[in-house]
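Tertiary structure, described
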Amino acid sequence: MATNTPDFLKALKAMADAKELDFNTAALEAMQDLHFKVVGDTPIDTGEAASNWNLGINVKDDSVTTDTSYANLNKASSEVKAAISAKTKIEHIYLTNATPQARMLEYGLYKQRGDSARKGSNVTKGGYRTINGYSTQAPSGMLRKYITLFDKMFENRVKRLGKIQITKLTRF
């Protein structure tokens, strides 16, 4: 399943323009919604992976922090509010996680010393954090399951901003 990104973005922009809404505000708020959901669904052991989902506005943020207090949510919220206030023109919005474990948590295939499961400090389902290489906390990943719903998140933000009824988007 492939997304035609330029056409999809044009459709989102047309939806906002047709309702005389600020595309940037709707896009930023929808990305903030996506960020919050992804962080919330990231498996927790030490909290490092969840605390390192970064929202970047026009600039990719590959920074990694050892702070596991979820300050990334407050940082993203502040950046979104500042970009909306400054009427920043949005070219790109990035959601990144540069921790080594992020890819394994998203796509699975974690194995340790040939074992099909790894015991850990934050155990679930029979005492294992992974089964057949996939996280027991997020077997479908964190980002993949929500990115497919991004158009709905955007549509909801457009509705909230304009309090209007809009037609369903087709993104593929």
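Keep in mind the model is a prediction, meaning the values are calculated, not measured.

From N to C terminus, the chain includes seven helices and five strands. When the helices and strands of the chain are listed from N to C terminus, the series reads α-α-α-β-α-β-α-β-β-β-α-α. A burial count over the chain gives 38% of its 172 residues as buried. Within the chain, contacts between residues at least 6 apart in sequence are counted, and of these 66% link residues at least 24 apart. Within the structure as shown, the chain displays about 9,900 Å² of accessible surface, and the carbon and sulfur contribution to it stands at 53%.

The geometry of helix 2 (residues 23-41) relative to helix 7 (residues 150-162) is characterised by a closest axis approach of 8 Å and an angle of 130 degrees between their N-to-C directions. Compared by their axis directions, helix 2 and helix 7 come out oblique. In terms of crossing hand, the pair formed by helix 2 and helix 7 is right-handed. Contact residues: Phe23, Thr25, Ala26, Ala27, Glu29, Ala30, Met31, Asp33, Leu34 and Lys37 in helix 2; Phe150, Met153, Phe154, Arg157, Val158, Arg160 and Leu161 in helix 7. Of the residues contributing to the contact of helix 2 with helix 7, the split by class is 11 nonpolar, one polar and five charged.

Cut-offs applied
Starting from 1, residues in each chain are numbered consecutively following that chain's sequence as written. The predicted origin of the model limits local features to residues at a pLDDT of at least 70 and limits the giving and counting of side-chain atom pairs to 80 or more, whereas totals for whole chains, interfaces and linings rest on all residues. Only hydrogens and water are removed before side-chain values are computed, so all heavy atoms of the structure are retained for them. For helices the rule is a DSSP run of H or I covering at least 4 residues; for strands it is a run of E covering at least 2, with both sets numbered from the N terminus onward. Three labels apply to residues, based on accessible area from a 1.4 Å probe with only protein chains included: buried if under 20% of the type maximum, exposed if over 50%, partly exposed otherwise in between. Residues count as neighbours in contact if any of their non-hydrogen atoms are within 4.5 Å of one another. Accessibility throughout is a Shrake-Rupley quantity obtained with a 1.4 Å probe, and a residue counts as covered only by protein chains that appear here. With axes taken as lines fitted to C-alpha atoms, and helix axes fitted only over the stretch in contact, angles between N-to-C directions fall between 0 and 180 degrees. An angle below 35 degrees is read as roughly parallel, one above 145 as roughly antiparallel, one from 65 to 115 as roughly perpendicular, and any other as oblique. Crossings are classed by handedness, with left-handed meaning an anticlockwise turn of the near helix from the far one by less than a right angle and right-handed meaning a clockwise turn. Here the term charged refers only to Asp, Glu, Lys and Arg, the term nonpolar to Ala, Val, Leu, Ile, Met, Phe, Trp, Tyr, Cys and Pro, and the term polar to all other amino acids, Gly among them.

Any functional reading would require information that these geometric values do not contain.
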